[in-house]
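Results of the structural survey
Here are the chains, one letter per residue:
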Amino acid sequence: MELLKLLNEKVLIFDGAMGTMLQREGLFGGELPELYNIEKPEIVRKIHKAYVDAGADIITTNTFGANSLKINKTPYSVENIISAAVENVRAVTTNQLIALDISSTGKLLEPIGSLSFEDAYDIFKEQVLAGVKSGVDLILLETFSDLQETRAAILACKENSTLPVFCTMTFQDNGRTLTGTDPKTFVNVVQDLGIDALGVNCSLGPKEITPIVEEILKWALLPVMLQPNAGLPILENNETIFKLEKEEFTEFIKPLIDKGVAVVGGCCGTNPGFIKLLKESFGGKKVVPRDVKRKTAVCSSTKTVIIDGSIKIIGERINPTGKTKVKAALKENKFDFILNEAITQVEAGADILDINVGLPEINEKETMLNIVKELDGIVDVPLQIDSAKTEVIEAACRIYCGKTIINSVNGNQSSMDKIFPIASKYGASLIALTLDEDGIPKTCEKRFEIAEKIIKEAKKYGIEEERIIVDNLVLTASAEQEGVLETLKAIKLVKDNYNVRTTLGVSNVSFGLPNRHMINKTFLLMAMTYGIDVPITDPTATEIVDLIKSFEVLSLIDIDSQNYIRHMDSKKEPSTSDKNNIEKSHKDLKSIILKGLKDEVEEVTTLMLKDNEPMILVDEYLIPSLDKVGQAFDRGDLYLPQLIRSAETVKKSFVIIKEQLSKNGSLSISNGKILLATVKGDIHDIGKNIVKVILENYGFEVIDLGKDVTPEEIVKTVREKDIKLVGLSALMTTTVVNMEQTIKELKEANLDCKVLVGGAVLTPDYAKKIKADFYCKDATESAKVANSIFNVNK
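Residues numbered from 1 in each chain as written. Predicted model: local features only at pLDDT ≥ 70, side-chain atom pairs only at ≥ 80, totals over all residues. Heavy atoms only, no water.

**As for the overall build of the protein**
Formally: Under the scheme used here, helices are H or I runs from DSSP no shorter than 4 residues and strands are E runs no shorter than 2 residues, and both carry numbers assigned from the N terminus. With the radius of gyration taken over C-alpha atoms, the globule rule is written as 2.2 Å times the number of residues to the power 0.38. It only takes one pair of heavy atoms within 4.5 Å for two residues to be counted as in contact. Shrake-Rupley sampling with a 1.4 Å probe provides the accessible areas, and residues are treated as covered by the protein chains on show and by no other component. A residue counts as positive if it is Lys or Arg and as negative if it is Asp or Glu; His and the chain ends are not included. A charged residue contributes its charge at one atom only: NZ of Lys, CZ of Arg, CG of Asp or CD of Glu.
Helix and strand counts for the protein come out as 31 helices and 25 strands. Taken against the 2.2 N^0.38 rule, which gives 28 Å for 794 residues, the C-alpha radius of gyration of the protein at 28 Å falls within 12% of a compact globule. If one aligns the C-alpha atoms of the protein with their principal axes, the spans along those axes are about 85 × 75 × 50 Å. Contacts in the protein between residues far apart in sequence, at least 24 positions, make up 75% of those at least 6 positions apart. With an accessible surface of roughly 31500 Å², the protein has 50% of that area assigned to carbon and sulfur atoms. Of the charged side chains in the protein, 96 are positive and 115 negative; the average position of the first set lies 1 Å away from that of the second.

The following block contains the structure:
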């Protein structure tokens, strides 16, 4: 396609903001911009024409929120709006390309939120099909803050069209998205899903966004796109404005163009003048080439593990084979035991976790999906999907929020035919077993031949060598003693000829022999000397991690022994990998909350209530634990999935405590009543819903009025229910004026309440100008304010 050719030749210029331009044309807070496509098309066309005249190469449709969730109260269908939007662009363009604009549904996906992956997929699919029918040239996925929702949108594009797809996420000033994804992880997860360009838009101005773009440029193999805001919004004369001038905007972008940005445009606050100057400065300029080497990367939603250089560990303990307790937990759906195993391995040093739930007595697919979802809120390391069933592998790859490893494919043609399409579609890496129709070869040369066959076949599916991890298959030394050295020699042979990585199931070598741990440890040391990259082993086994860390010092992998010193320093504290200590700590209520063990908390809460008053548990366990989780969140030690998981764990404990209070005839737990609402005209409630979860689990009674709430309804509810604290949320620049109006009416009504505000477009100065009492950048800040207002724990 001509567009894809242009991407690699010259800098392309997108258009700028639509929402803030519509505001200038009379759009007021509460109106849906997308309705203008049908009801006031002349205004939309006027804006598009201004961007065409400014020199934009690509014009974006006015369909940012044209999805079934956001327009369900209008008389129009998604297809009606998208069809009209495309026609509005087509009416004023000459040779410009038309990009279908698709953004977030406004809902968080499971397990953080309530929207399922497939429901999100269906919403995006409807938009994509409407765009294809209307004849757009490409699809722009923009302003996403949830990596899982981004994945759903990409798959909807790729499975329902052949159009080029550009994808941008929006990042906060801490360098991560709302749900905790960093730029490196974003790039490594999405760039192998078949998209054509990626980057960042909105949230921040070009100065603040620069470090994020620079990080993306370091990892992206695809063209990089940039659409910043015109600085940060401020309030002047009851109007949200962006003060950054187009000249300064362009100056900040120039160094990024020089570093290889290939596509540039504007977001909130920009206008045709900005785009005209971008066109004059960079339009037609040759894209600066970047020398980015592909890495073997696997990712969770918040962390990327690069398998290159230092030795990484794949934890093997979540597997029912030969493990009676794991088998029993899977049969009885006692997932907290499985989650404990995951936590234990990560604490002991696992970088990746292998997940195998293959038992004939259970529904393997359902169990695998449940455990993958649960682990997303428990640990931050990537997962390896291990199953002999193709349908299980595909289902898990589809819903896993990250970039996984598939365990496994082998040299049988039927295996490659089944597994390679899955790995290709979902961007997964692969464990490649060196066996074929004739079984496991005895010689290293034959194993190399099978590995080579797999590598060459994978290339036909667009799967590069760096995504392949070869397992040369060691058998037990008790039966195949000569084969052990053949396995090790095959490691070197494969790595000398191809840029793949290697692994081995270390414990396989010791079956049938006494003192298995000694055999395993010795074999691992030998494998490391041959160049193994990522052994599959038990990280809790005594001295396994010590052995790896010390080997890295002596083999010049760990320069200056820094990793080794840190590892040994951490062992001076009581060992968290000691199984007895782990069992004991997991029975502690605080530990259970911190780890987010939702099933186990019910049992432990019930037991503790036998010897403790209910309020002792609340005041000495639940609230301090939430405080500790909040502090870790503030430090960046954990992210939104873990924060929500811990809050939901506390909620389960609260239910049992409230039941006990009711039986005792005691008063219910309530630290105070708080009203939450997304202001009139704003239908985004992700942030508000997160705040609600956290506040409820601090023992507050939350009255949630929902979204698009009028000032009159808020004032009425505060008066009737004697509310002392009101939390207002707004995501859109067009609706902040309604937040200000709500605060004004609350004060004019002389109601004895305080107001806290939050939302992506707000700043502390902004909050002060609209006369809010408190500005809260996130849910944990809201809890701190609420605790201070109601004197909790004072």
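**Points about the packing of helix 18 (residues 481-497) against helix 19 (residues 516-530)**
The line we're drawing: Between N-to-C directions, angles cover 0 to 180 degrees, with each direction set by a line fitted to C-alpha atoms, over the stretch in contact for helices. Relative orientations are named as follows: roughly parallel for angles under 35 degrees, roughly antiparallel for angles over 145 degrees, roughly perpendicular for angles from 65 to 115 degrees, and oblique for any other angle. Here a crossing is called left-handed whenever its near helix is offset anticlockwise from the far helix by less than a right angle, and right-handed whenever the offset is clockwise. Here the term charged refers only to Asp, Glu, Lys and Arg, the term nonpolar to Ala, Val, Leu, Ile, Met, Phe, Trp, Tyr, Cys and Pro, and the term polar to all other amino acids, Gly among them.
At a minimum axis separation of 8 Å, helix 18 and helix 19 run at an interaxial angle of 30°. Compared by their axis directions, helix 18 and helix 19 come out roughly parallel. For the pair helix 18 and helix 19, the crossing hand works out as right-handed. The residues of helix 19 that touch helix 18, namely those facing Val-484, Leu-485, Leu-488, Lys-489, Ile-491 and Lys-492, are Phe-523, Met-526, Ala-527 and Tyr-530. Looking at side-chain class alone, the contact of helix 18 with helix 19 contains 8 nonpolar, no polar and 2 charged residues.

**Notes on the sheet that holds strand 5 (residues 165-169)**
In sheet architecture, strand pairing relies on hydrogen bonds along the backbone and comes in two forms, parallel and antiparallel. Inclusion rule: Between any two strands, at least two bridges found by DSSP are needed for them to pair.
One open sheet holds the 8 strands; their spatial order is 1-10-7-6-5-4-3-2, and the pairing between them is parallel. Both outer strands of the open sheet, strand 1 (12-13) and strand 2 (58-60), are each paired with one neighbouring strand and no more. Bridge analysis of strand 1 against strand 10 (residues 263-264) gives 2 bridges, and the strand direction is parallel. Bridge pairing links Ile-13 to Val-264 in strand 10. In the packing of helix 7 (residues 147-160) onto the sheet, the strands contacted are strand 4 (138-144) and strand 5, and the crossing angle to strand 4 comes to about 170°.

**Re helix 12 (residues 324-331)**
Operational definition: The buried label goes to any residue with under 20% of its type's maximum accessible area, the exposed label to any with over 50%, and the partly exposed label to all in between, with areas taken from a 1.4 Å probe on protein chains only. It is the directions from the helix axis to the C-beta atoms whose arc is reported.
For helix 12, the set of buried residues is Val-326, Ala-329 and Leu-330. Projected down its long axis, helix 12 shows its buried positions confined to an angular sector of 95°, all on one face. Among the exposed residues of helix 12, those pointing more than 90 degrees away from its buried face are Thr-324 and Lys-325. Buried residues along helix 12 sit against strand 13 (314-318), helix 13 (335-348) and helix 14 (364-376).

**With respect to the sheet that holds strand 17 (residues 429-433)**
With respect to topology, 8 strands assemble into an open sheet ordered 19-18-17-16-15-14-13-20, the strand pairing being parallel. Looking along the sheet, the strands with just one partner apiece sit at the ends: strand 19 (501-503) and strand 20 (536-537). Bridge count for strand 14 (residues 352-355) against strand 15 (residues 383-386) is 3 bridges, and the pairing is parallel. Note that in strand 15 the partner of Ile-355 across the bridge is Ile-385.

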